[in-house]
Amino acid sequence: MLRYTIRRLVQLVGVVLVLSLLLFAWLRLLPGGPVSALLGERATPESREALTKQLGLDQPIFIQYFKFLGRAATGDFGVSTGVQPGDSALDIFLQRFPATVELSFFAILIAIAVGVPLGYLSAKRRGSWFDNLSVVGSLIGVAVPVFFLAYVLKDVASSALGLPSSGRQDAIDATRVTGFFTLDGVITGEWDATFNALEHLILPAIALATIPFAVIFRITRAAVLDVLDEDFVRTAESKGLTAPVIRRRHVLRNAMLPVVTTIGLQTGALLSGAVLTEKVFSFAGVGEALAIGFERRDYPVLLLLIIMATIVYVVVNLLVDLSYALIDPRIRTR
Amino acid sequence: MALLEVRDLTVVFQRKGEEPFRAVDGVSFDVEPGQTVGLVGESGCGKSVTSLAIMGLLPKRGAKITGTVRYDGTDLLKLSDKEMRDRRGRDLGMVFQDPLSSLNPVVPIGLQVTEVLERHRGMPRKEAMIEAKDLLDKVGIPDPNRRLKEYPHQLSGGMRQRALIAIALACRPKLLIADEPTTALDVTIQAQILSLMKELVQDLGTALVMITHDLGVVAGLCDEVNVLYGGKVVEKAMRHKLFAEPRHPYTHGLLASIPRLDAAPGEKLTPIKGSVADNIPWSQGCAFAPRCPNALDVCVQVTPAEEDQLGRLLRCHNPVVPGTPAAEEVPV
Amino acid sequence: MVLGLSSKKEKIDGLAESSGTSLAASAWKRLRRSPVFLTGAVIIGIFILISLLSPWLAPHNPADPMLIDQVVKARNEIPPAQPGHPLGGDLQGRDFLSRLLVGSQQTLIVGVGATLIGLSGGLILGTLAGALGGWVDSVVMRIVDVMLSLPSLLLAFSIAAMFARPSQFTVILAVAIVQIPVFARLLRGSMLAQRHSDHVLAATALGVKKGAIVFRHMLPNSLGPVIVQSTLVLATAIIEAAALSFLGLGNPDDRIPEWGQMLGDVQKVFDTHPHLAAWPAICIIIVALGFTLMGETLREALDPKNRR
């Protein structure tokens, strides 16, 4: 298990290095590049050349890359040119990361809390109108562009339910401890701050949850259908066990195995979806920074955030794989 | 009074847009307390469906069950889902064919034994664990304390089937149904499991319904044998009588197709021609007629009735004359 | 209750053993009767028909700002529905209905283009890796793994941001490249499984050339999952193209409309003129749903596990 973990982490380092090189090369080599990004398309050749020299862009790409790595090792990933001009890219990431973690956490929570029970019921009533409706509903969930749904929630649901339609928290007097606004209120006992943060979270979290929900629902349904056909469920029935015991111990415990894997893969959808959802709700997280960064071609910020997103994605999936080994005795006790 | 009285049990599967399929067609048999009764036939003859119908394990939708299944005087088919749940595992136990897939892969063996004790005998977990250890010991699993904590994949095939037998017998049911309990096992293990079952049902006084396609199993275990074909009982007799003097051409064929160790070198096996796919519906005659060496014209015109012949039930227009050797020799 | 299986098994063993219909044929038989598949097929049929006929169906030129005099920029007003313009105009005073109709064409091009490019890329990589094995396989799979380490939509955003001058083509490319590793893995997996299968071993033993084995035996047998995936990619490509436009990474030239672009471009007026977003959004949802319905039922029909 330890060897497996280490091997995966080494692979991750390799992936990050390759990816950073590719991203780095992309920033430097493509038409436009940082000079055009900073000076605009219509800058004079003289000013271009000056800036190119100043930024060290006239040196060979590998030298530039190693210099970048050297600086990155000290936490210097460059200065933002578009998202929060003048701020360091790392600061922007650190500031905004808790917001996205918080949002993604609630989104996946919603997706699991709704998707798993619905998937189970749907499988139990296979072919019923309830099942058909849920399946079609989940397919529509995948077909709706996330940002459109976010807009609908923002404009329709927020006014109907009296929920705030943008930002992370109102300008209220709250003590900051961890950067997770919902958690801070719990720690300091400022419950109104937690409540206020939750109010801001709920709509973006629902928008972000749709795709993971649809996927988790369908995987749960398929897994439960498979397990219901298994002989050991028939054995459990032949023992006269009560329905709740059969459901929990025999059906769900087995059906959860593929669902857990899916939850790991869905962090990818969360990270991508956060770019769109956070932009709609002006939710000051990593996703919003990426959205603005793409729009304004803020390359230092994009470079850092994309690499971080990749690391998060890979690490979460590694953790999921490890937890999978823990919950499946066939892997654990091999 | 018999412990189990199955009368006219019929199971019809109805799937949307398909012809209804009579898997079991008016099956009747009795099981006396402590007796071992065999249900024998090829796959597709309805023997497994019969057992599932008795246990109340057929799907509610798509399967229409008629007839009566009296256990200790109560008709099991009339019980509610909850009442049947209370009886399964307590009054009736069942052992299935494939021991690996019949055990939950992610739950330790111990819990799979104790859960049935907790459910029906109201034992607290600790007490149930001690009982479970005794049970594993009784079915011949060595080092039961270690095995209780292990998972099915860590046990051998024979061990798993022993564990399943322990589970089925945990609450001392008066009736045990075993559906091909040895088919998925190695030949050497098969004999062990069979002798274990024989020993246990004798010790506990449990009645056993043994479902098998293997006449060898029947020969060693059963008091009475029902031969099923196409969902109907075609011949029923005490074991010795049936083996000594098979009257139905199908039973005769089954016996003739068993390889014998005492056969002369070069002697040929005698398989039954064709397959179940050649059946004709019982309503148009005898389902076995297309494969039957004794078939007459009447066999494809009139449904043979069940006749009682001196303690033997027979459903045939032209039974085998006692003493006839294997009907026809077919090179294998 | 759950126990249809043993009886079903017995029934199949007993009665249906002789039926020798191939997987594809039996899948098709079931699809033809599946109302879900037919719904999807009808949606897509209508969609393709409209996109082909749209130049004749559209009442006006979608690029002509014929109602521009009714657009009041300062008060954020756009032309309302009126005779000759049943859906009114857009922000530039162009006939909205015509833009929606003609938009289907570019949307189809985005979906099909992205799928074809993704499929071809995956076909080349996957076939190389799966058929040759060895170091080719290792190299290809490392590339694929790096691409799969990024959340897919984020990768599409990044690729789209690479281009200094975005266009319809860069949108298609960004969406397509993301699919290459998916197709590559799919094909490689299926080929690896087949390399050791009896029919390939038999062909090798008979001295059939490697190329012939790959193209005549292995590729055709991998088609099922590839068709399913392609159908699903048609849906995601259209949705992802909309997301690109939303982030300002889409085609800035809106003379020839595309639904995703129409939807992504009106974000600033969503609260004042929701119908400008709702119409293209509904079109995208219906078409994406159509492709998804077809893809999912195809997947189910081709799954040997479901062959009952």
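Residues numbered from 1 in each chain as written. Chains lettered and ligands numbered in written order. Predicted model: local features only at pLDDT ≥ 70, side-chain atom pairs only at ≥ 80, totals over all residues.

**With respect to the overall build of chain B**
Then comes step 1: The helix and strand tally for chain B stands at 11 helices and 12 strands.
Then comes step 2: In terms of overall dimensions, chain B is globule-like: its C-alpha atoms have a radius of gyration of 21 Å, near the 20 Å expected for 332 residues.
Then comes step 3: When the backbone C-alpha atoms are referred to their principal axes, chain B occupies close to 65 × 50 × 40 Å.
Then comes step 4: The buried share of chain B, taken over its 332 residues, is 46%.
Then comes step 5: Nonlocal contacts in chain B, meaning residues at least 24 apart in sequence, comprise 63% of its contacts between residues at least 6 apart. (Helix = DSSP H or I, 4+ residues; strand = E, 2+ residues; numbered from the N terminus. Rg over C-alpha atoms; globule rule 2.2 N^0.38 Å. Buried ≥ 20, exposed ≤ 12 C-beta atoms within 10 Å, placed from the backbone. Contact = placed C-beta atoms within 7 Å.)

**A closer look at the overall build of chain A**
Then comes step 1: When helices and strands are tallied, chain A shows 14 helices and 0 strands.
Then comes step 2: N-terminal to C-terminal, the α/β element order of chain A is α-α-α-α-α-α-α-α-α-α-α-α-α-α.
Then comes step 3: The dimensions of chain A, computed from C-alpha atoms along their principal axes, are 85 × 50 × 40 Å.
Then comes step 4: Sorting the 334 residues of chain A into buried and exposed places 42% on the buried side.
Then comes step 5: In chain A, of all internal contacts separated by at least 6 residues, the share reaching a separation of at least 24 is 70%.

**With respect to the sheet that holds strand E10 (residues 232-238) of chain B**
Residues and elements named next belong to chain B.
Then comes step 1: An order of E6-E7-E8-E3-E9-E10-E12-E11 is seen for the 8 strands of this open sheet, with the pairing classed as mixed. With one partner strand each, in any of the chains shown, strand E6 (92-95) and strand E11 (307-308) form the two edges of the open sheet.
Then comes step 2: Note that strand E3 (residues 36-40) and strand E8 (residues 207-212) share 5 bridges and pair parallel. Bridged to Gly38 within E8 is Met210. (Pairing = 2+ DSSP bridges.)

**Points about the UniProt feature "domain: ABC transporter" (unreviewed entry) in chain B**
Then comes step 1: With numbering matched to this structure, UniProt assigns "domain: ABC transporter" (unreviewed entry) to residues 4-255 of chain B.
Then comes step 2: Span residues 4-255 of chain B is 41% helix and 26% strand, its end C-alpha atoms 28 Å apart. (UniProt positions renumbered as here; feature names shortened; annotations may be inferred.)

**A short note on the UniProt feature "transmembrane region" (unreviewed entry) in chain A**
All names here are of chain A.
Then comes step 1: In the numbering adopted here, UniProt assigns the feature "transmembrane region" (unreviewed entry) to residues 12-29, 103-121, 133-153, 201-219, 255-276 and 301-327.
Then comes step 2: Segment residues 103-121 splits into 100% helix and 0% strand. End C-alpha atoms: 27 Å apart.
Then comes step 3: The distance separating the terminal C-alpha atoms of residues 133-153 is 22 Å; by composition the span is 90% helix and 0% strand.

**A few points about unusual backbone geometry**
Then comes step 1: Even without glycine at this site, A:Ser282 takes up a positive phi of about 45°.
Then comes step 2: Counting through the fold element by element, A:Ser282 comes out in the loop between helix H11 (243-280) and helix H12 (286-296).
Then comes step 3: Owing to 13 C-beta atoms within 10 Å, A:Ser282 belongs among the partly exposed residues under this scheme.
Then comes step 4: The phi angle at B:Glu180 is positive, at roughly 45°, despite the residue not being glycine.
Then comes step 5: Position of B:Glu180 relative to the elements: it lies in the loop between strand E7 (175-179) and helix H8 (187-204).

**What about the interface of chain C and chain A?**
Then comes step 1: Residue-level contacts link 37 residues of chain C with 38 residues of chain A.
Then comes step 2: Among the secondary structure elements, those contributing two or more residues to the side of chain C that touches chain A are helix H5 (134-148), helix H6 (152-162), helix H9 (210-246) and helix H11 (274-302) of chain C.
Then comes step 3: Of all the elements, H11(C) adds the most residues to the side of chain C that touches chain A, at 10 residues.
Then comes step 4: Across the side of chain C that touches chain A, the residue classes break down as 29 nonpolar, 5 polar and 3 charged. (Nonpolar A, V, L, I, M, F, W, Y, C, P; charged D, E, K, R; others polar.)

**Let's talk about the pairing of strand E1 (residues 4-13) of chain B**
Then comes step 1: As paired elements, E1(B) and strand E4 (residues 63-71) of chain B share 8 bridges and run antiparallel to each other. Bridge pairing in E4(B) links B:Glu5 to B:Arg70.

**Overview of the pairing of E10(B)**
Residue and element names in this part refer to chain B.
Then comes step 1: Here E10 lies mainly inside the structure; 6 of its 7 residues are buried.
Then comes step 2: Both strand E9 (residues 224-229) and E10 contribute to a ladder of 6 bridges, which runs antiparallel. Bridge pairing links Val227 to Glu235 in E10.
Then comes step 3: Connecting E9 to the next strand, E10, in antiparallel fashion are 2 residues, including Gly230 with a positive phi near 55°.

**Points about the environment of A:Pro300**
All names here are of chain A.
Then comes step 1: Mapped onto the elements of the fold, Pro300 is located in helix H13 (residues 299-327).
Then comes step 2: On the basis of neighbour counts, which here come to 23 C-beta atoms within 10 Å, the residue Pro300 falls in the buried class.
Then comes step 3: Distance from Pro300 to Pro98, taken between C-alpha atoms, is 20 Å for residues 202 residues apart in sequence.
Then comes step 4: Apart from the residues lying within four places of it in its own chain, the contact partners of Pro300 are Phe77, Gly78, Val79, Ser80, Thr81 and Ala89.

**Brief notes about the confidence of the model for chain B**
All names here are of chain B.
Then comes step 1: When pLDDT is averaged across chain B, the result is 88; 97% of the residues are at 70 or more.
Then comes step 2: Mean pLDDT across the elements of chain B ranges from a minimum in helix H9 (residues 215-221), with 85, to a maximum in E7, with 94.
Then comes step 3: Overall fold confidence (pTM) sits at 0.84, and the ipTM for the predicted complex is 0.87. (pLDDT = per-residue confidence, 0-100.)

**Description of the packing of helix H5 (residues 89-124) of chain A against H13(A)**
All names here are of chain A.
Then comes step 1: Interaxial distance between H5 and H13 falls to 9 Å at its minimum, and their mutual angle equals 45°. In terms of their interaxial angle, H5 and H13 are classed as oblique. Crossing geometry of H5 relative to H13 is assigned as right-handed. Within the contact between the two elements, H5 uses Ala89, Leu90, Ile92 and Phe93 and H13 uses Pro300, Val301, Leu304, Leu305 and Met308.
Then comes step 2: When the residues that make up the contact of H5 with H13 are grouped by side-chain class, the tally is 9 nonpolar, no polar and no charged. (Axes fitted to C-alpha atoms, helices over the stretch in contact; angles between N-to-C directions. Parallel < 35°, antiparallel > 145°, perpendicular 65-115°, else oblique. Left-handed = near helix turned anticlockwise from the far one by under 90°.)

**A closer look at the environment of B:Glu5**
All names here are of chain B.
Then comes step 1: Relative to the helices and strands, Glu5 resides in strand E1.
Then comes step 2: Assessed through the 17 C-beta atoms surrounding it within 10 Å, Glu5 is described here as partly exposed.
Then comes step 3: If we skip the residues at most four places from it in the chain, Glu5 touches Asp30 and Arg70.

**Notes on the sheet that holds strand E5 (residues 74-75) of chain B**
Then comes step 1: Strand order in the open sheet made by the 4 strands is E2-E1-E4-E5 (chain B), with antiparallel pairing throughout. Looking at which strands have only one partner, the edges of the open sheet turn out to be strand E2 (21-31) and E5 of chain B.

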